[in-house]
Amino acid sequence: MKKGFGVFLAVVCASFLLNAWFGDCATAKVIEMKLASPFTNGPTNGYTPEWIGNEMRRRGLAGGKLDVKIYSNAQLGGEMELINKMKAGAVHLTINSFQVMSGFDDKAVLGALPFLIDTDEKAEKFLTSKEVDEVSKSLESQGLKNLGYLRFGRFTIAGRKPVRTPDDLKGMKVRIAESPIQLAIFKALGIEAAPMPWVEVYEALKRGVVDGLDMGIEPIWVTKMGEVVKYLSQTSHVYGMNFIFTNKKWFEGLPADVQEFITDTVQDIAVLERQLVVRREAQGAREFKRMGIEIIPMTAEQKLPFIKLALPVHKHYLDKIGKDLVERTYKLLDFPFAKEVLGN
């Protein structure tokens, strides 16, 4: 009798333990992570969230703890809409430019000041500096945590007419990002600016709603904007760079190993993306020449009149960004017009 009861008790205990184990496994919550792009698909910018998501899948989704959902081609909205959704916690990873983020925090203007960054080397130097990390830290007050940086090259003025001097811009209506700093730059240059989300630009150019756009060669190429422009004038008035954002509260509520998994994956992709952008820019330039699009290079002397017109924008934002931060960045990047702005 005792032996029979002992067997029964052992079976009950084993059943309880197995049920507890498998019950916990069955009810373990998989963390949903929504990755969304505000841009048109292509092997840059809009593709980056998809690239990150697929790499997370390849790496095993943090041991199966994540469920990644990818929304490409502005499915969940454009630049401003996605940032607002990110702040509300409805999206968990997106990318956005310094230009657009200037509408949320004045410190973000630092990476979008006209003619401050005019080479890939300076861009990389800035994106690996403590100065840019101060910008990211400031944006945390908006509920945004930056996980890495991307770059998409020196901006051109692309459109139906060539631009070689500021006078050539007169009468042009040019699409820009929905950005206070971009509006300030174009006002200083005497251009009629038309802020609009990136996904609307192709049709706007095709229908003649705008005469041109300002953007780097690489994104113009991969998003097929070259089909609706005839000239690319290499003004280099801005250098395109993106943040890779997550929702700060959501991210900090994740287990430490999941945080580490997300951060490592994002930063690995960011480094690779920044290495590839130069190659793709050269590839895009070759393709534009094949299509008959004229690329107009500009010497330092030719850029000088544009720079002189844009320097008041630096002065306007000096105190808004923080004079000390601006001064340190000028020194870091060896900005040749620093004295003219700072007055010392």
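Before reading on, note that the structure itself is shown above.
Residues numbered from 1 in each chain as written. Predicted model: local features only at pLDDT ≥ 70, side-chain atom pairs only at ≥ 80, totals over all residues. Heavy atoms only, no water.

*Asks:* Give a description of the pattern of salt bridges that names residues and reports values.
*Replies:* According to the stated counting rule, one finds 24 salt bridges in the structure shown. Salt bridges linked by common partners bring Glu55, Arg58, Arg59 and Asp268 together as one network. (Salt bridge = Lys/Arg side-chain N within 4 Å of Asp/Glu carboxyl O.)

*Asks:* With reference to specific residues and values, describe the packing of aromatic side chains.
*Replies:* If you walk through the whole model with that rule in mind, you get seven aromatic pairs. Between Tyr149 and Phe243, the aromatic rings sit 5.9 Å apart at their centres with planes inclined by 50°, giving tilted as the arrangement. Taken as a pair, Tyr149 in strand β4 (residues 144–159) and Phe243 in strand β9 (residues 239–247) lie far apart in primary sequence, 94 residues in all. Aromatic pair Phe152 and Phe155: ring centres 5.9 Å apart, planes at 40°, arrangement tilted. Look at Phe155 and you get buried, because its relative accessible area is 3%. A network of ring pairs unites the aromatic residues Phe98, Phe126, Tyr149, Phe243 and Phe245 as a single cluster. (Phe/Tyr/Trp six-rings, centres within 6.5 Å; stacked < 30°, edge-to-face > 60°. Helix = DSSP H or I, 4+ residues; strand = E, 2+ residues; numbered from the N terminus. Buried < 20%, exposed > 50% of the residue type's maximum accessible area, 1.4 Å probe, protein only.)

*Asks:* Give me helix α12 (residues 256–291): which residues, what numbers.
*Replies:* Every α-helix carries 3.6 residues per turn, so stepping three or four residues along brings you back to the same face. Taking 1.5 Å of rise per residue, the 36 residues of α12 would be expected to cover 52 Å, and the 50 Å separating its terminal C-alpha atoms lies within 8% of that figure. At Val277, α12 is bent by approximately 30°, the largest bend along its length. Following α12 by one or two positions, Gly292 has its phi on the positive side, about 90°. (Expected span 1.5 Å × (residues − 1). Bend = angle between axes of the 7 residues up to and from the residue.)

*Asks:* Describe in detail the side chain of Ser97, supporting the description with residues and values.
*Replies:* Among the secondary structure elements, Ser97 is positioned in strand β3 (residues 94–97). When near neighbours in sequence (up to four residues on either side) are disregarded, Ser97 contacts Met241, Asn242 and Phe243. (Contact = heavy atoms within 4.5 Å.)

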